[in-house]
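Okay, here's what each chain looks like letter by letter:
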Amino acid sequence: DKLKDAAMRGMISQLDDPYAQYFTEDEYQKLLSDNAGDYVGIGITIQTPDETGAEVLSVYSGAPAEQAGIQKGDIITKINGKATAGKSLSEVVKFFSEDVNVPDELTYLRAGVETTVSVKRAEIHIVRVNATVLSGNIGYLHITEFNGSVASDFQNAIDKLQQQGVKDLIIDLRDNPGGGLTEVLNVAYTMIPKGKVIVSIRSNNGDEDVYKSKGDTQIDMRIVVLVNGHSASASELLTGALKDYGIATIVGTQTYGKGIVQSYFHLSNGNGWAKMTTDAYYTPNGVCIQGIGITPDIVVELPEELKDMTFDTPDPAKDTQLQAAIAVFSQQAKSAETARR
């Protein structure tokens, strides 16, 4: 079985497809569990490793990784003594102990200094939507990824903000790596008018599926969307649609540029699953952002010392991109007042 799995990983890794990946039956079931929001792990998301290692994109609050001192922006260089540099994500996952009760040793690089910590896995519940009200009665809603119950969590957060009389909304998609098509469409329905195209997906064989909004009512708020270089895939799909229709002002830096879609194929006789790139998606204006990304309406960089900040708890005093987003509403209010005169 080990030889078969290794052979499958080897074949998949040789495809001209950086997102192709092989999963055993157990690994695929774990993937479904992880995406649902409850799983056993250390509580981090990481970038595909480069020549140094795998960058930590986010650390879940209260998770074993946070308790061990791991922070966003750290570079995981070794897992149980095995170097992560240049490896695929599927290879990195295999470096963890097969026994969930055995702590894993993680070595991370921060400010040129390597530190090794012991991390034991635990039950993780992922909260993907965090909402609060900023001064000036501005709603702030951070979406970490489009998986699990994100659509219902998003709607519940919107309902609570509207009950508080919030009319201006900032949706923070910074560091959001994407997620499932169904989940992001369900979020988009709340903002894109019914019948309008949200995205077109074209397959390698020329077939095209056009997804239109099914939303009966839209959010009655002025909207600003925050993005950065780690906003990818489904988060770019939503951003592209909101930008094309002029529903939201986009603030931040150029997005990642992942405009392609992967599909899962079940291999016969219980031999696992293969994930491969099958489609490309296009915004309502017919643009494919693969390798390009989306340019914000207002480009604002974060100061270098804030590049590793997290966005669960907004900090308008320091966050220059958030400051620019807040300023959009003031400018819109002034423009509306001038028009009335």
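Anything mentioned here points back to the structure above.
Below or above, wherever it landed, is the structure these notes cover.

## Examining the overall build of the protein
Tallying secondary structure elements over the protein gives 8 helices and 19 strands in all. Computed over the C-alpha atoms, the radius of gyration of the protein is 21 Å, within 12% of the 20 Å expected from 2.2 N^0.38 for a compact globule of 341 residues. Across its three principal directions, the C-alpha atoms of the protein cover 75 × 50 × 35 Å. Within the protein, residue pairs in contact and separated by at least 24 positions form 64% of the contacts whose partners lie at least 6 positions apart. Counting every atom, the protein has about 16,800 Å² of accessible surface; 49% of that belongs to carbon and sulfur. Side-chain charges of the protein comprise 30 positive and 45 negative groups, with the mean position of each set lying 4 Å from the other.

## A word on the environment of aspartate 216
Within the secondary structure, aspartate 216 is located in the loop between β14 (208-212) and β15 (222-227). A relative accessible area of 62% means that aspartate 216 is categorised as exposed. As a C-alpha pair, aspartate 216 and alanine 68 span 148 residues in sequence and 46 Å in three-dimensional space. Within polar-contact distance, the side chain of aspartate 216 engages the side chain of lysine 194 at 3.1 Å.

## Structural notes on the packing of aromatic side chains
Centre-to-centre distance and the angle between the planes together describe a pair of aromatic rings. The tally for this structure, following the rule as stated, stands at 3 aromatic pairs. Ring plane angle 10 degrees and centroid distance 3.9 Å describe the contact between tyrosine 28 and tryptophan 273, whose orientation is recorded as stacked. Here tryptophan 273 lies in strand β18 (residues 273-282) and tyrosine 28 lies in helix α2 (residues 25-36), a separation of 245 residues in the sequence. By the burial criterion, tyrosine 28 is buried, and tryptophan 273 matches it. An aromatic cluster of at least three residues, connected via ring pairs, comprises Phe23, Tyr28, Tyr264 and Trp273.

## Regarding helix α7 (residues 234-244)
Summarising burial for α7: 9 of the 11 residues are buried, a large majority. Regarding α7, the residues found buried are Ala234, Ser235, Glu236, Leu237, Leu238, Thr239, Gly240, Ala241 and Leu242. Positive backbone phi, approximately 70 degrees, marks glycine 246, located one or two places after α7.

## Some words on the pattern of salt bridges
Across all of its chains, the model carries 12 salt bridges by this definition. Notably, a salt bridge pairs aspartate 104 with arginine 121, separated by 3.3 Å at the nearest N-O pair. One end of the pair, aspartate 104, is in strand β7 (residues 104-110); the other, arginine 121, is in the loop between β8 (113-119) and β9 (122-125), with 17 residues separating them in the sequence. Considered together, aspartate 104 and arginine 121 belong to a single accessibility category, that of buried residues. Within this structure, Arg9, Glu27 and Lys94 form a network of salt bridges that share partners.

## Side note on the sheet that holds strand β19 (residues 298-299)
With mixed pairing, the 6 strands of this open sheet are ordered in space as β10-β11-β12-β15-β16-β19. With partners counted over all chains shown, the strands left at the sheet margins are β10 (129-134) and β19, one partner each. Across 5 bridges, strand β12 (residues 168-172) lies against β15 in parallel orientation. Within the sheet, the bridge partner assigned to aspartate 168 lies in β15 and is arginine 222.

## Section: helix α5 (residues 150-163)
In this model α5 runs 20 Å from its N-terminal to its C-terminal C-alpha over 14 residues, within 8% of the 20 Å that 1.5 Å per residue would give. The set of residues buried in α5 consists of Val150, Ala151, Phe154, Ala157, Ile158 and Leu161. All buried residues of α5 fall inside an arc of 130 degrees around its axis, so they share one side. For α5, the exposed residues lying more than 90 degrees away from the buried face are Lys160 and Gln163. Packing partners of the buried residues in α5 comprise β10, β11 (138-143), β12 and α6 (181-188). Once α5 finishes, glycine 165 follows within two positions and takes phi at roughly 80 degrees, a positive value.

What counts as what
Residues numbered from 1 in each chain as written. Predicted model: local features only at pLDDT ≥ 70, side-chain atom pairs only at ≥ 80, totals over all residues. Heavy atoms only, no water. Helix = DSSP H or I, 4+ residues; strand = E, 2+ residues; numbered from the N terminus. Rg over C-alpha atoms; globule rule 2.2 N^0.38 Å. Contact = heavy atoms within 4.5 Å. Areas by Shrake-Rupley, 256 points an atom, 1.4 Å probe, with all protein chains shown as cover. Lys, Arg positive; Asp, Glu negative; His and termini not counted. Charge placed at Lys NZ, Arg CZ, Asp CG, Glu CD. Buried < 20%, exposed > 50% of the residue type's maximum accessible area, 1.4 Å probe, protein only. Polar contact = N/O pair within 3.5 Å; in protein donor to acceptor, adjacent residues only side chain to side chain. Phe/Tyr/Trp six-rings, centres within 6.5 Å; stacked < 30°, edge-to-face > 60°. Salt bridge = Lys/Arg side-chain N within 4 Å of Asp/Glu carboxyl O. Pairing = 2+ DSSP bridges. Expected span 1.5 Å × (residues − 1). Arc of directions from axis to C-beta.

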